[in-house]
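Architecture at a glance
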Amino acid sequence: MSSFHFYYIHLCAPSSVADASSSLSTYIVHVRQPMDKHFATMGDLHTLYRSFLPATAAGSNQEQRMVHSYQHVLSGFTAKLTAEEAEAIQEKDGVLYVRPEKALSLHTTHTPDFLGLHRGVGLWKDSNFGKGVIIGVLDTGIFPGHSSFSDEGMPPPPAKWKGRCDFNSTACNKKLIGARSFVSVGNTATPYDGVGHGSHTSGTAAGAFVRNASALGNARGTAVGMAPLAHLAMYQVCNPSGCLEGDVLAGMDAAIEDGVDVLSLSLGGQSQRFSDDSIALSSFSATQKGIFVSCSAGNLGPSNFTLSNEAPWILTVGASSIDRSIKTTVRLGNGQEFDGETLYQPHDFHPVLLPLVYPGVNGDGSAALCLPGSLESRSDLRGKVVVCDAGDGTGGVAKGQEVKNAGGAAMILVNNPTAGYTTSPELHVLPAVHVRYIAGREIKGYLSTASAPMATILFKGTHIGISVAPTVSFFSSRGPNYQSPGILKPDIIGPGVNILAAWAFPLDYSIDRRHTFNIISGTSMSCPHLSGVAALLKSAHPDWSPAAIKSAIITTAATLNMEGRPIVDQTLHPANIFTTGAGYINPSKAVDPGLIYDIAPQDYIPYLCGLNYTDYEVELIVKKVVKCSSIRSIPDYQLNYPSISLKFTGSVSKVSVTRTVRNVGPAKSRYRSVIDPILGLDSISVYPSDLEFANVNQTASFRVDFTRRVGRNATATLPLAQGAITWISAQHSVRTPVAVVFE
């Protein structure tokens, strides 16, 4: 990832976390439950797990060594062990797998309007604002006193709810119905949000209506989450140092036991086999229980193969902009103006032209980036507007502090080519503006040619109506799916740039902490938008499976921006399918998709066998003994997924794909297929070309043959092509996106 810094959380941590006081490290131990034993309670399971600990951890030391025991997400536990003890446990009968714990990273007033959600009509009305649905959020905790978590007008939690609140008796209510901490290192026992991230994601997913919300007076309006009548349960699994796998597993385990309907995880790690991926493992267990899981794609874009959370049973969400900006303008001495953004909009800054300087003009890289300490000796910056480069991982606020320490009057923060047009309104410590790469290039050009370069900054407040929105942010992680190329990822993009939501700390001393909001960016912000939308769909269609909800989201996604043109990326060029997935979330259409592609949990077994997972690896994922040799496995692209991802290699000239859809629209429906031409393919044929349904919930299957020319008659092709197969009826349009890779 380019090191352009947003106020999203992307925390890096060691790959294995050692106990600071000894040679012990935390290990995850997968065991096989004996078929002849019944475990009536969690205590029975805990006793079984404890029996696997080595003799060196005997007596009271056993409880100190055990970190977490799991009931749902996997058969096993985490414990503090030496490397020798871990090797000894691996040799015991009944032990499937032992590995070191890894650390993962944590990857609104206007977004409901931008997404077409309005009171009294459409999806909010059809779903009753998500009433009765429980969203479980795994994050840094929550500030329970925030106005976004008021329970005014909320019904009591459903009877199935079994969770608890570890705050005092008055902190939780009918909105925030559960709050628990599973942080195993430095735990304070109560899940108060010490970062802000967890309060923000929770408010985005299911925050209550809050009038006159703003961040320092900007983006003022009524703040509300996607599912404002849904209940919230917080599972604190992260702290400012990161998120440990064992803690994430423990939070997921508790959420499944408690009875949540939707899980929202704005965190993840590097791409890895699903049998080694704690989020993939625990999410599969959730899916088996009918729980929908939404995860962030990661903040490592714009390079390809940078995704987190690639498993097909997870909804993987990328980040894009909305049509709002906190506008600030650079005015140069020659009259040119360039728009940018900042959250800090001082009223007492007089827009008079001041000398403009770029401290990196002589090739000093540290000074160009305004790194901490790099401008200490620069007395020539006093009273001037200072240009600083972004792109090294140092936050813009820290750069501004360095400029302020050197006596600078203001700062212009300019993007590098990687970040392109993605800008961020940060809470700067001096008058500042963050501008896109093209603007930065023009400003530096003026600096190099003007005899006495001058500049000032104009603060213009909140502006709505950017027609190029949504634009995919540069940091949003891209596909293809490294672990399973036949599954298109990310699945979808949603609002993730400059999102206003609840915050745990006041931005200044004049704001009541209970009414504090902040604007931050990241796929961490787009994920809870989709979690909230999933809650709305679950409320409207309580009988739909997680896969059915995902299908409705994917097949109704928008592919055009507000100008009616293809969605673009941070360079303002059309974004490819490994950047957008199916496209931009369209909640109002998702509630009535017409047809859905469904997948039952057992359908993933032949898929996993087709990925060449060993029997024990499949067992780790599905929690039961599997013999792939006795199962008719399928290639990954044959899973009944609502998108299609193919690869043509060598002399392969034809690939056939089969899908099955279920009618959830009118009983009597007829659909005809419409095929987008795909460059590089000779032909695409759909059999049958029409689908007819006589009843609701009736299913129909179809086959798609993709053919390309090979040999001397083959035409040169780009490495990636994309298109779609769309089923159109009198009332519905069901779009199945298609990605084709040529090697």
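Residues numbered from 1 in each chain as written. Predicted model: local features only at pLDDT ≥ 70, side-chain atom pairs only at ≥ 80, totals over all residues. Heavy atoms only, no water.

Some remarks on the environment of Tyr616
Cut-off, in case you're wondering: By definition, any uninterrupted DSSP run of H or I lasting at least four residues is a helix, any uninterrupted run of E lasting at least two residues is a strand, and each is numbered from the N terminus. For the exposure calls, accessible area comes from a 1.4 Å probe over protein chains only, and a residue counts as buried if that area is under 20% of its type's maximum, exposed if over 50%, partly exposed in between. Between two residues, a contact is recorded if the distance between any of their heavy atoms is within 4.5 Å.
With respect to the helices, strands and loops of the structure, Tyr616 is situated in helix H17 (residues 615-622). Given a relative accessible area of 32%, Tyr616 falls into the partly exposed group. Separated by 12 residues in the primary sequence, Tyr616 and Cys628 place their C-alpha atoms 9.8 Å from one another. Excluding residues within four positions of it along the chain, Tyr616 makes contact with Leu96 and Tyr97.

Here's the deal with the UniProt feature "active site" (unreviewed entry) in the protein
Basically, it comes down to this: UniProt positions are given in the numbering used here, feature names are shortened, and annotations may be inferred rather than shown by experiment. N or O atoms closer than or at 3.5 Å make up a polar contact, with two conditions inside protein: a donor-capable atom paired with an acceptor-capable one, and, for residues adjacent in sequence, both atoms drawn from side chains.
With numbering aligned to this structure, UniProt lists the feature "active site" (unreviewed entry) at Asp139, His197 and Ser524. The named residues occupy 386 residues along the chain; their greatest pairwise C-alpha distance, 9.9 Å, places them in one compact cluster. Tracing the chain through its elements places Asp139 in strand S6 (residues 134-139). Since its relative accessible area comes to 0%, Asp139 is described here as buried. Those residues in contact with Asp139 that lie beyond four places of it in its chain are Leu106, His197, Gly198, Thr201, Met234, Tyr235, Gln236, Val237, Cys238 and Ser266. Of note is the side chain of Asp139, whose polar atom sits 3.2 Å from the backbone nitrogen of Gly198.

Some points on the state of the cysteines
Here is the rule: Two cysteine sulfurs form what is called a disulfide whenever their separation falls within 2.5 Å.
A full pass over the atoms with the stated rule returns four disulfides. In this model Cys165 forms its disulfide with Cys172; the gap between the sulfur atoms is 2.0 Å. When the S-S torsion is 80°, as for the bridge of Cys165 with Cys172, the disulfide is right-handed. Assessed through its relative accessible area of 24%, Cys165 is described here as partly exposed. Two residues share a disulfide in this structure: Cys370 and Cys388, whose sulfurs sit 2.0 Å from each other. Torsion about the S-S bond of the Cys370 and Cys388 cystine: about -85°, corresponding to left-handed handedness.

Some thoughts on the nonpolar core
Rules: Nonpolar cores were defined as sets of buried Ala, Val, Leu, Ile, Met, Phe, Trp, Tyr and Cys residues, with membership established by side-chain atoms within 4.5 Å.
Residues Ile135, Val248, Leu263, Leu265, Leu267, Phe274 and Trp313 are the most contacted members of the largest nonpolar core, which totals 129 residues. In this structure, Leu646, Val655, Phe693 and Ala721 belong to the second largest nonpolar core, which totals 26 residues.

Points about unusual backbone geometry
For the bond running from Lys489 to Pro490, omega is -5°, close enough to zero to count as cis. A cis geometry characterises the amide bond from Tyr687 onward to Pro688, with omega recorded as -10°. Positive phi, normally seen in glycine, also occurs at Asn498, with a value near 60°. Relative to the elements of secondary structure, Asn498 occurs in the loop between strand S24 (492-495) and strand S25 (499-502).

Looking at the pairing of strand S20 (residues 385-389)
Counted only if it meets this: Note on pairing: DSSP must find at least two bridges between two strands before they are called paired. If you view a crossover with the strands going away from you and the path from the first strand over the helix to the second runs clockwise, you call it right-handed.
A large share of S20 lies buried, amounting to five of its five residues. Judged by which residues are buried, S20 turns out to be covered on both faces: Val385, Val387 and Asp389 on one side and Val386 and Cys388 on the other are all buried. Bridge count for S20 against strand S21 (residues 410-414) is five bridges, and the pairing is parallel. If you follow Val386 over to S21, its bridge partner there is Met411. Since S20 and S21 lie parallel, the crossover through helix H10 (residues 396-405) that links them has a hand, and here it is right-handed.

Observations concerning the sheet that holds strand S11 (residues 238-239)
Spatially, S11-S12-S5-S14 is the arrangement adopted by the four strands of the open sheet, whose pairing is antiparallel. Edge positions in the open sheet fall to S11 and strand S14 (267-268), since each of these has one partner strand only. Note: strand S5 (residues 103-106) against S14, two bridges, orientation antiparallel. In the sheet register, Leu106 faces S14, and the bridge partner there is Leu267.

What about H10?
Put simply, the rule is: Here the arc refers to the directions that run from the helix axis out to each C-beta atom.
Within the sequence span of H10, burial applies to Gly396, Lys399, Gly400, Glu402 and Val403. Projection of H10 onto a plane perpendicular to its axis shows the buried side chains occupying an angular sector of 155°, all on one side. Packing partners of the buried residues in H10 comprise S20 and S21. One or two positions beyond H10, positive phi appears at Gly407, with a value near 90°.

Section: the packing of aromatic side chains
Using the following cut-off: In summary, the pairing rule links any two rings of Phe, Tyr or Trp, Trp by its six-membered ring, whose centres are within 6.5 Å, and it sorts them by plane angle into stacked for under 30 degrees, edge-to-face for over 60 and tilted for everything else. Distance and angle both matter: a charge sits over a ring if NZ of Lys or CZ of Arg is within 6 Å of the ring centre and within 35 degrees of the ring normal.
Inspection of every chain in the model, using the stated rule, returns 17 aromatic pairs. Ring centres 4.9 Å apart and planes at 85° place the aromatic pair Phe284 and Trp313 in the edge-to-face group. Here the residue Phe284 occupies a position in helix H8 (residues 278-288), and Trp313 occupies one in the loop between strand S15 (292-296) and strand S16 (315-320), the gap between them amounting to 29 residues. Neither residue differs from the other here; Phe284 and Trp313 are each classed as buried. Each ring, one from Tyr671 and one from Phe693, has its centre 6.1 Å from the other, and the planes form 85°; the classification is edge-to-face. Note that Tyr671 is positioned in strand S30 (residues 669-675) and Phe693 in strand S32 (residues 690-693), a separation of 22 residues in sequence. The buried category is assigned to Phe693, whose relative accessible area is 5%. A connected cluster of aromatic rings, assembled from ring pairs, spans Phe274, Phe284, Trp313, Tyr604, Tyr607 and Tyr613. Between the NZ or CZ atom of Arg273 and the centre of the ring of Tyr613, over which it lies, the distance is 4.2 Å.

Observations regarding the packing of helix H6 (residues 197-206) against helix H12 (residues 523-540)
Here is the rule we go by: What counts as an axis is a line fitted to C-alpha atoms, over the stretch in contact for a helix, and the angles between N-to-C directions run from 0 to 180 degrees. Two helices that cross are described as forming a left-handed crossing if the nearer one is turned anticlockwise from the farther one by less than a right angle, and a right-handed crossing if clockwise.
Relative orientation of the contacting elements H6 and H12 amounts to 35°, with a least axis distance of 7 Å. Crossing handedness for the pair H6 and H12: right-handed. Packed against H6, whose contacting residues are His197, His200, Thr201, Thr204 and Ala205, the element H12 presents Ser524, Met525, Pro528, His529 and Gly532 at the interface.

So, the pattern of salt bridges
The test is simple: The term salt bridge refers to a side-chain nitrogen of Lys or Arg lying within 4 Å of a carboxyl oxygen of Asp or Glu.
In this structure the tally under the stated criterion is 20 salt bridges. Across the salt bridge formed by Glu257 and Lys162, the nearest N and O atoms sit 3.1 Å from each other. Separated by 95 residues along the polypeptide, Glu257 in helix H7 (residues 245-258) and Lys162 in the loop between S6 and strand S7 (176-181) bring together distant segments of the chain. Note on Lys162: relative accessible area 54%, which makes it exposed. Residue Arg670 is joined to Asp690 by a salt bridge in which the shortest nitrogen-to-oxygen separation is 2.7 Å. Of the two residues, Arg670 is situated in strand S30 and Asp690 in strand S32; the sequence distance between them amounts to 20 residues. Each of Lys654, Arg703 and Asp705 takes part in salt bridges that share partners, so that together they form one network.

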